[in-house]
Amino acid sequence: WQKRVYAGQNRDIYPAEAPLDILESGPKPDFLASITDAPVLKEINYTWPELYENSMFRKLRFHINALSKLYLKRTGHDPRNLPKAFRSFVWVEVFRKGDSLRPSAHTDGGYLMGRYWPQLKKNALKFNFEDPRGINPPFGKTHSHLAEEGDLTMFPTWASHFITPNMKSQPAVCYTFAVYPEDGNTLDFEDDLSGNLIISETMK
């Protein structure tokens, strides 16, 4: 439902003739409006003004845009080659008690992904990344990040990640986002410079 709402908000890259028909969405359909068998139902409203017209949500998108530039600069991109504004898809995930997220990654032509936690009890869950180099030693390790309320984490789209079950009774709320060039998912995997990062550490 959130994918279809976003498609309706971005008709320039989803120029379907039929209303909200993202099954025929034009030249740049990405994972956020991927092929789905779910029909468009007349009795369902595919708009979300409570979110898209909210001033705090607009402020969040402004900060995502600014932080994306900083992230890309630190991963090796020349700021002069970056767009002034990105096209970002933000969707909301709610983790009730016991809810979790299985490992997933997206290689769909975006710059980066991220997660912002506006509501999260302390020690409720962990945000984990899997080693993309495989399971055999010395690889195969999992980096575990104890998410806290107010955290915003950015990472490459190809980074496999998962979330452990929420151990608290209060739901955990996460704004998850994917950041793209202005004209959609036009990046090749070779355009992602985060895989070239080399971190060295001197140990005694």
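See the structure above.
As the structure is a computational prediction, the values presented were derived from the model and not from experiment.

K.L.:
Which parts of the structure should I look at to understand the overall build of the protein?
P.N.:
Counting its secondary structure elements, the protein contains three helices and eight strands. Expressed as a percentage of the 204 residues in the protein, the buried residues total 39%. Sequence separation of 24 or more characterises 78% of the internal contacts of the protein that already satisfy a separation of 6 or more. By element, 53% of the accessible surface of the protein is carried by carbon and sulfur atoms, the whole surface being about 12,600 Å².

K.L.:
Looking at this structure, how should I read the side chain of S68?
P.N.:
Within the element layout of this structure, S68 appears in helix 3 (residues 55–74). At a separation of 2.6 Å, a polar atom in the side chain of S68 contacts the main-chain carbonyl oxygen of I64. Filtering out sequence-adjacent residues up to four positions away, S68 remains in contact with F86, L112, M154 and V179.

K.L.:
Looking at this structure, how should I read the nonpolar core?
P.N.:
In a soluble, globular protein the nonpolar side chains are often hidden away together inside. Of all hydrophobic cores here, the largest spans 37 residues; its most connected members are L72, L112, W117, L120, L125 and F177. Residue assignment for this core shows that the elements contributing at least two residues are helix 1 (2–9), helix 2 (49–52), helix 3, strand 1 (87–95), strand 3 (112–119), strand 4 (127–130), strand 6 (152–155) and strand 8 (172–180). Here the element with the most residues in this core is strand 8; it accounts for seven residues. If near-sequence neighbours (up to four positions away) are discounted, F177 is found in contact with I64, F89, V90, W91, L112, M113, G114, R115, Y116, L152 and M154.

Here is what the cut-offs are and how they apply
- Residues numbered from 1 in each chain as written.
- Predicted model: local features only at pLDDT ≥ 70, side-chain atom pairs only at ≥ 80, totals over all residues.
- Heavy atoms only, no water.
- Helix = DSSP H or I, 4+ residues; strand = E, 2+ residues; numbered from the N terminus.
- Buried < 20%, exposed > 50% of the residue type's maximum accessible area, 1.4 Å probe, protein only.
- Contact = heavy atoms within 4.5 Å.
- Areas by Shrake-Rupley, 256 points an atom, 1.4 Å probe, with all protein chains shown as cover.
- Polar contact = N/O pair within 3.5 Å; in protein donor to acceptor, adjacent residues only side chain to side chain.
- Core = buried A, V, L, I, M, F, W, Y, C linked by side-chain atoms within 4.5 Å.

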